[in-house]
Amino acid sequence: MSLAILGCSIVENQRLVEKNVFVREGKIYEITPSSDISNKRDFDIIIDGRKKVLLPGVIDAHVHFRVPGGEHKEDWTTGSCAAASGGVTTVLDMPNTSPPTTTVDRLNEKRIIASNKSIIDFGFHFGAEFGNANEIEKARNIASIKIFMGSSTGNLLIDDDAELYSIFELAEKHDLLCTVHAENERLIKLFSDQAKFNGKTSPTIHPLIRNNLCAAEAVSKAELFSRFVGNRLHVCHVSTKEELDFIKLGKKLQREGRLSAEATMHHLLLSSAAMLKSGNYAKMNPPLRSKEDISALWSSLREGVIDIIASDHAPHTREEKDKPYWQAPAGVPGVETNLPLLLNEVNRKTLSFEDLINFTSKNPAKIYRIKNKGEMKRGYDADFALVDMDIEQILSSSNVKTKCGWTPFNGITVQGAVEKTIVRGKIVFDKGEFFLNKGKEVEFTRSTTSETE
Ligand code: DOR
Ligand code: ZN
Ligand code: ZN
């Protein structure tokens, strides 16, 4: 099956230029000036791309698709459709499922389910837990070793310095990336106990319990340990100005490419004040922060301190969120709203298309070493989001695709919408409709020098 997208705008050297993009056998075959359509008859499907922007498909490197154990919140069918509707062509799924993905057998079970259900491509993070070094060593083709330095949804936790150090050593030995949920478990416990003792029950206490110190201390430790050990480290969902200081320092002191960092749209757009209105629907770990933290995050995007934007799509049902603060789980959905919110920022001129592509496609592919994805180059996978920058839409809980059925961005108007999503040359989403496709596991390349297999 071949495909031609004619007259679409693509981003080249920080500018939009009109081009034709030709696809054969799932790969980008040729990109030609828009005037050159002499060979269009050779293609099975022709898409009129005029007045639209063709972006590389979004690689969302941080999603929780909840299988196994949390299928009532999300599964691979609903999760991958939600993703596709938001221009996402690849997701990297987190291991804090139930049971967690901490053994090779469980990883393989996940692989089977995702390949049967997902309409987009996927990869898996592998969980670190006490005593699973053997399993980590046996695991093949994983995105990262995910380390929860502070506890969150699920029971994964590494709150011991020696254990953290050993996992970093293991990662270094096998040239694996460590991704960290960086919050200090002991401090979280202290501030929770204090809040409970004082009879606090309002969700607005959440950012005070998991305060900036909890995040900053954990990031400083992870950065320092990784600098000593020499492993690659990726800091998930950076939310505070203090974490950014440590990441800046780390990037100065560490070899290029050793340290990278992620931000999420909820931390970039919503402040802790949202908890007053939304209660537990704005409860996530790490929590929403102050205006100063938000503005530091935006500056760090421009300064290259943050490398990628991911959703941290963490769906929970309304029933679960409606529980009292102490029982309600943390996490918000976001896989389908990420790109529309970013397109809106491009329209508002707070972000360039070039930056958007770097944060959502190029850098994730580079940091996770995903083969043949993340860029619009000949021979690369034909993964695209075709977007219309003029369409205005109101994000609404009533029409999200995620199984949990709500969004923390409910009521926000955005300009810019995904029209089509294409995975390896196959249209999987088109103007609200989904099309069957067999998603495939991505390949993570390993540097040959430290390959130990
Ligand atoms: O808020 C969060 N939700 N933070 C996490 O680290 C986990 C996630 C989830 O899986 O629900
Ligand atoms: Zn996390
Ligand atoms: Zn997460």
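*Asks:* Would you explain the overall build of the protein chain in this entry?
*Replies:* The helix and strand inventory of the protein chain stands at 14 helices and 18 strands. Its C-alpha radius of gyration of 21 Å places the protein chain within 12% of the 22 Å reference for a compact globule of 453 residues. Counting only contacts in the protein chain whose residues sit at least 6 apart along the sequence, the fraction spanning at least 24 positions is 74%. Element-wise, carbon and sulfur atoms account for 50% of the exposed surface of the protein chain, whose accessible area totals about 18200 Å². Of the charged side chains in the protein chain, 59 are positive and 61 negative, and the gap between their average positions amounts to 2 Å.

*Asks:* Is there a simple way to explain the nonpolar core in this structure?
*Replies:* Grouped burial of nonpolar side chains is what soluble globular proteins tend to show. Membership of the largest hydrophobic core comes to 92 residues, with the highest contact counts inside it found for L55, V91, I147 and F168. Discounting chain neighbours no more than four positions away, the residues touching F168 are I147, C178, V180, A222, F225, S226, V229, N231 and L233. L3, I5, M376 and Y380 belong to the second-largest nonpolar core, a separate cluster that totals 17 residues.

*Asks:* In this structure, what is going on with the coordination of the zinc ion (ligand 2)? I would like to understand it.
*Replies:* When four donors bind a metal tetrahedrally, each ideal donor-metal-donor angle is 109.5 degrees, and when six bind octahedrally, the ideal angles are 90 or 180 degrees. Every protein donor of the zinc ion (ligand 2) is accounted for by H181 (ND1) and H237 (NE2), and the metal-donor separations fall at 2.1 Å. A spacing of 3.5 Å is found between the zinc ion (ligand 2) and the zinc ion (ligand 3). Taken together, the positions of H181 in strand β11 (residues 177–181) and H237 in the loop between β12 (232–235) and α8 (241–253) put the pair 56 residues apart, joining distant regions of the chain. By relative accessible area, H181 is classed as buried at 2%. In this structure H237 comes out as buried when scored by relative accessible area, which is 2%.

*Asks:* What am I meant to see in the site of ligand 1 here?
*Replies:* Taken together, the neighbourhood of ligand 1 is formed by 13 residues, with R66, N96, S152, T153 and N285 sitting nearest. A distance of 2.7 Å separates an oxygen atom of ligand 1 from a polar backbone atom of N285. Considered on its own, ligand 1 offers 290 Å² of accessible surface; in the complex 99% of this is hidden by protein. More than half of the atoms belonging to ligand 1 lie within 2 Å of the grid points that define the largest cavity.

*Asks:* Any chance you could explain the environment of S260 here in plain terms?
*Replies:* The topology assignment puts S260 in strand β13 (residues 259–264). Separated by 44 residues in the primary sequence, S260 and G304 place their C-alpha atoms 9.6 Å from one another. Excluding its chain neighbours within four sequence positions, the residues that come into contact with S260 are L233, H234, V235, K251, D307 and I367. A distance of 2.7 Å separates polar atoms of two side chains, one belonging to S260 and the other to H234.

*Asks:* Is there a simple way to explain the confidence of the model for the protein chain in this structure?
*Replies:* Note that predicted coordinates carrying low pLDDT should not be read in detail. Predicted confidence across the protein chain gives a mean pLDDT of 97, with 98% of residues reaching 70 or more. This stretch, residues 449–453, has a pLDDT under 50; its non-local contacts, to residues over four places away or in other chains, come to 9 contacts.

So, how was this worked out
Residues numbered from 1 in each chain as written. Chains lettered and ligands numbered in written order. Predicted model: local features only at pLDDT ≥ 70, side-chain atom pairs only at ≥ 80, totals over all residues. Heavy atoms only, no water. Helix = DSSP H or I, 4+ residues; strand = E, 2+ residues; numbered from the N terminus. Rg over C-alpha atoms; globule rule 2.2 N^0.38 Å. Contact = heavy atoms within 4.5 Å. Areas by Shrake-Rupley, 256 points an atom, 1.4 Å probe, with all protein chains shown as cover. Lys, Arg positive; Asp, Glu negative; His and termini not counted. Charge placed at Lys NZ, Arg CZ, Asp CG, Glu CD. Core = buried A, V, L, I, M, F, W, Y, C linked by side-chain atoms within 4.5 Å. Buried < 20%, exposed > 50% of the residue type's maximum accessible area, 1.4 Å probe, protein only. Donors = N, O, S within 2.8 Å, 3.2 Å for Na, K, Ca; no water. Near = heavy atom within 4 Å. Polar contact = N/O pair within 3.5 Å; in protein donor to acceptor, adjacent residues only side chain to side chain. 1 Å grid on protein atoms, 1.4 Å probe; cavity = no way out; pocket = protein on both sides within 12 Å on 5 of 7 lines; lining within 4 Å. Sits in = over half its atoms within 2 Å of the grid points. pLDDT = per-residue confidence, 0-100.

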